[in-house]
Amino acid sequence: MNASPPFPADSEVRIVRTTSAFNCGGRCPLRLHVRDNVIIRIEGDDAAEPDQLRTCLRCRAYRKHVHHPDRLLQPQKRVGPRGEGRFEPISWEEALEIAAGELERVKETYGSASILLAVSGGYLGSLHEGARATGRLLSLFGGYTTHYGNVSSEGPIWAATTQLGTPLTGHSRDDLLNARLILLWGYDPARVITGTNTMYELVRAREAGARIVSIDPRYHDSAAVLAHEWLPVHPGTDTAVMAAMAWVMIEEGLCDFEFLDRYTIGFDRFRDYVLGLEDKTAKTPRWAAELSGAPADRITALARAYATIKPAALMDAHGPARSAMGEQFSRMAITLAAMTGNIGRSGGGVGGAFMNLPFGHMYAAPMIPGVRNPVEAGGPSLRGSLDLNLRLQKRIHTNRIFDAILEGTRGGYPADIRLAWFLGNNFLNQLGNTNKAARALKQLEFMIVSELFLTPTARFADLIFPVTSAAERNDLTRGWPSGLYYTAVNRAIEPLGACRSDLEIAMALAAKLGLEEFGTFDEEDWLRTFVEKNPETATPIPDSGAFRRKGIHRLQPAGPHVAFKAQIEDPDRNPFPTPSGKIEIYSERVAAMNDPACPPIPKYLPTPEDRLDPASKSYPLQLVSPHPSNRVHSDMQKIDWLVEADPHRIWINPADARTRGIAEGDAVLAFNDRGRLSIPARVTERIMPGVVCIFEGAWFDPDENGLDRGGNPNVLTPDTYTRGGASIFNTTRVQVQKA
Ligand SMILES: Nc1nc2c(c(=O)[nH]1)N[C@H]1C(S)=C(S)[C@@H](COP(=O)(O)OP(=O)(O)OC[C@H]3O[C@@H](n4cnc5c(=O)[nH]c(N)nc54)[C@H](O)[C@@H]3O)O[C@H]1N2
Ligand SMILES: Nc1nc2c(c(=O)[nH]1)N[C@H]1C(S)=C(S)[C@@H](COP(=O)(O)OP(=O)(O)OC[C@H]3O[C@@H](n4cnc5c(=O)[nH]c(N)nc54)[C@H](O)[C@@H]3O)O[C@H]1N2
Ligand SMILES: [Mo]
């Protein structure tokens, strides 16, 4: 028998403490075992409970990602027709020469606004965050057009900014232990990692006696593990259920009137709406039951529970808000939290299941300095306004990037795009209406993609820059919400092939374009600056050496972080950062927008493609496309271990499957006017009748007839957005049939 150990124990193996920097909401300390520039083994955090930050299946497969045989290791130049995916490797010298030439040509011929930079969160570190470096480069070059609207969270961000004055509404996860009732409202933290320690703290809370209710069209893994009760509701109808909960609280005198009087404005207007004084429809549980499919008595019971079991954490997540109901859903949830006095109080919570804390969070992370973008100079003042249209005078809404490429200034967009550079995203795959996106990309004069893999988006490029993974970089990363710690990226292996970081690429291109002002960025020096020197962005990390060695710096606060504690404890000294200084259930700033699609109080509103839209009746099923357990969106798609761990399937209820003659494992077609895809069926009672589910991120793979054999739900989703800016993915109607 071969007696070799499962991993080599020789002295050449180094163990590097580091982390990955995926856009997944977790930030997990990793120990990478490295030999001969290859990661041969991975271990997670070795801290003891309750501090341990335990990593999920994805980072356990991280070496398969870094060393994947499909990694792009050399710059690539397109050889076949656009989109066919045929490339030849070229040198950096040639790649930079081509990019510089095309940038110069487009700027001279059409003006700087014709250059589009499309960025997203593929990598979440400070120093090597490519959007920043590349934006700096293009600003110095004369400017560029870009996009507005966080495709994840614009609804919750807009709602929190409107009603609370800030998106920093999070509690640290350890505060869940103080909650007696927890509502997982469209929230599946076992699957979508939103804070490494979230499930751990939820399990502890349950063990400590908290009651947990899941409100979701799916009986998901988190509900199976945690919940005492599952209340299925039709997508897009949560706001009706919440309005009915408010009705019960008002009718039964269960509101915290003292809290409402002291800390809020506009409750009377909301009450008039709920009682039907405004529109002659009382928002009763029976009314909401018709819309949502949730039984009226269970809505009533949920309202009573939320109003009387205190403190209660309403964890409204972003899936229901990534819909046509976008900001209305999030505003309604904030309003309920105010009605029950669960704001600023330990064990309570407001404004989302994974909104941010004021430390190390992604909106205030230290980064290399930006430069003003000349193309955006002279835009309207945004001060004090919540009106998205002002922002869209100079920018394109993220979910409309492809429409803007097709329609340009003719279609009311700020520019005619000729050259596009996609970086840190796979937007062809990840934004709405993939087939339209593919048409748009064919129309570009030139397209650059900076990538690790030949993604569906990268297949359309003329030029691909191969970039390094986090394992090949030094950097500072911050957790997503809830984690009271900072993590270090430590270079575990030398860059593979000819890969470079986005920062190095921007620097090289700056040199080629003669933009000396770009400067040079010495990695070590900048990291020290982030940690120790910069007074504005200073992180509370005292010693960069120790931080890098340990790979983590844990904050040692006196207790859990509770948002708005100061505002509640001493309101005179600490007004809410809204115009009135109070929680704005009614918003004058929204009223000034004067748009019935965006009323000054939160409301349930009918929308195109909602459950009852008669125009969509040939597509009787509602599609939700939540985030995958085994990928980060489309990233890590190619790792065989992960594919096997959670095979890509459409969830369909047995009642809907039966009438269509569909059995478990059958190939089915899902389609609507925007596209068609094929995918095997998972017939399960874990999804309510009338709703189907396809996890997002599967790679678009159209055949010659335009049928997507990859099963990417975005061939079916719309490329639209709400008035508050939420991307609409989960308001999609489809039909399903046996293939
Ligand atoms: N149907 C549907 N669609 C959705 C959603 C949904 O719920 N339903 N959710 C939306 C949400 S919330 C999000 S955040 C978006 C995500 O949309 P994207 O940001 O487009 O998603 P990813 O698939 O993570 O793509 C990131 C890409 O960046 C690359 N990358 C990683 N590190 C680096 C780096 O350092 N430099 C460069 N240049 N590239 C790098 C990766 O290889 C990967 O291809 O998807 C959205 N799309
Ligand atoms: N493993 C993994 N973790 C991730 C990511 C990933 O891709 N993979 N992505 C990260 C990112 S960028 C983000 S933004 C977050 C996303 O985190 P979320 O926005 O919370 O995630 P989703 O999976 O889109 O949706 C969560 C739940 O909402 C439900 N849902 C959809 N529509 C409705 C509705 O109308 N009403 C109700 N009540 N429920 C509804 C879905 O069934 C799903 O269970 O996750 C992060 N974490
Ligand atoms: Mo996201």
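Rules behind the numbers
Residues numbered from 1 in each chain as written. Chains lettered and ligands numbered in written order. Predicted model: local features only at pLDDT ≥ 70, side-chain atom pairs only at ≥ 80, totals over all residues. Heavy atoms only, no water. Domains from an automatic or database assignment. Contact = heavy atoms within 4.5 Å. Buried area = accessible area lost by both parts, 1.4 Å probe. Polar contact = N/O pair within 3.5 Å; in protein donor to acceptor, adjacent residues only side chain to side chain. Helix = DSSP H or I, 4+ residues; strand = E, 2+ residues; numbered from the N terminus. Near = heavy atom within 4 Å. Areas by Shrake-Rupley, 256 points an atom, 1.4 Å probe, with all protein chains shown as cover. Nonpolar A, V, L, I, M, F, W, Y, C, P; charged D, E, K, R; others polar. Pairing = 2+ DSSP bridges. Axes fitted to C-alpha atoms, helices over the stretch in contact; angles between N-to-C directions.

K.L.:
When you look at the domain arrangement of the protein chain in this model, what are you seeing that I'm missing?
P.N.:
Domain boundaries in the protein chain define domain 1 (76-151 + 388-554), domain 2 (155-353 + 564-593) and domain 3 (614-738). Taken over C-alpha atoms, the centre of domain 2 sits 28 Å from the centre of domain 3. With 24 residues of domain 2 in contact, the opposing surface of domain 3 contributes 27 residues. At the boundary of domain 2 with domain 3, total buried surface from both sides reaches about 2000 Å², with 56% on carbon and sulfur atoms. Looking only at domain 2, the three residues that lose the most surface to domain 3 are Arg191, Arg218 and Arg322, adding up to 33% of its buried area. Summed over the shared surface of domain 2 and domain 3, the result is 14 residue pairs in polar contact (both at pLDDT 80 or more). Elements that contribute at least two residues to the side of domain 2 that touches domain 3 include exactly helix H5 (154-163), helix H7 (221-226) and helix H13 (326-339).

K.L.:
Any chance you could explain the site of ligand 2 here in plain terms?
P.N.:
Around ligand 2 lies a shell of 36 residues, among which Cys24, Asp216, Arg218, Asp238 and Arg322 are the nearest. Within the side chain of Arg322, one N or O atom sits 2.7 Å away from an oxygen atom of ligand 2. Calculation on ligand 2 without its partners gives an accessible area of 910 Å², and the protein chains cover 99% of this total. Of the residues in the shell around ligand 2, the class split is 16 nonpolar, twelve polar and eight charged. Looking at which domains feed residues into the shell around ligand 2, each of domain 2 (155-353 + 564-593) and domain 3 (614-738) supplies at least three.

K.L.:
Could you clarify how one ought to interpret the sheet that holds strand E16 (residues 463-466) in this entry?
P.N.:
Hydrogen bonds between backbone atoms are what pair the strands of a sheet, whose relative direction is either parallel or antiparallel. The six strands are arranged E5-E4-E16-E15-E14-E6 in an open sheet whose pairing can be described as mixed. Strand pairing shows two members of the sheet lacking a second neighbour, strand E5 (87-89) and strand E6 (115-119), which therefore form its edges. Strand-to-strand, the axes of this sheet are offset by a mean angle of 20°, without reference to chain direction. As judged from the five bridges shared by E6 and strand E14 (residues 419-423), these two strands associate in the parallel manner. If you follow Leu117 over to E14, its bridge partner there is Trp421.

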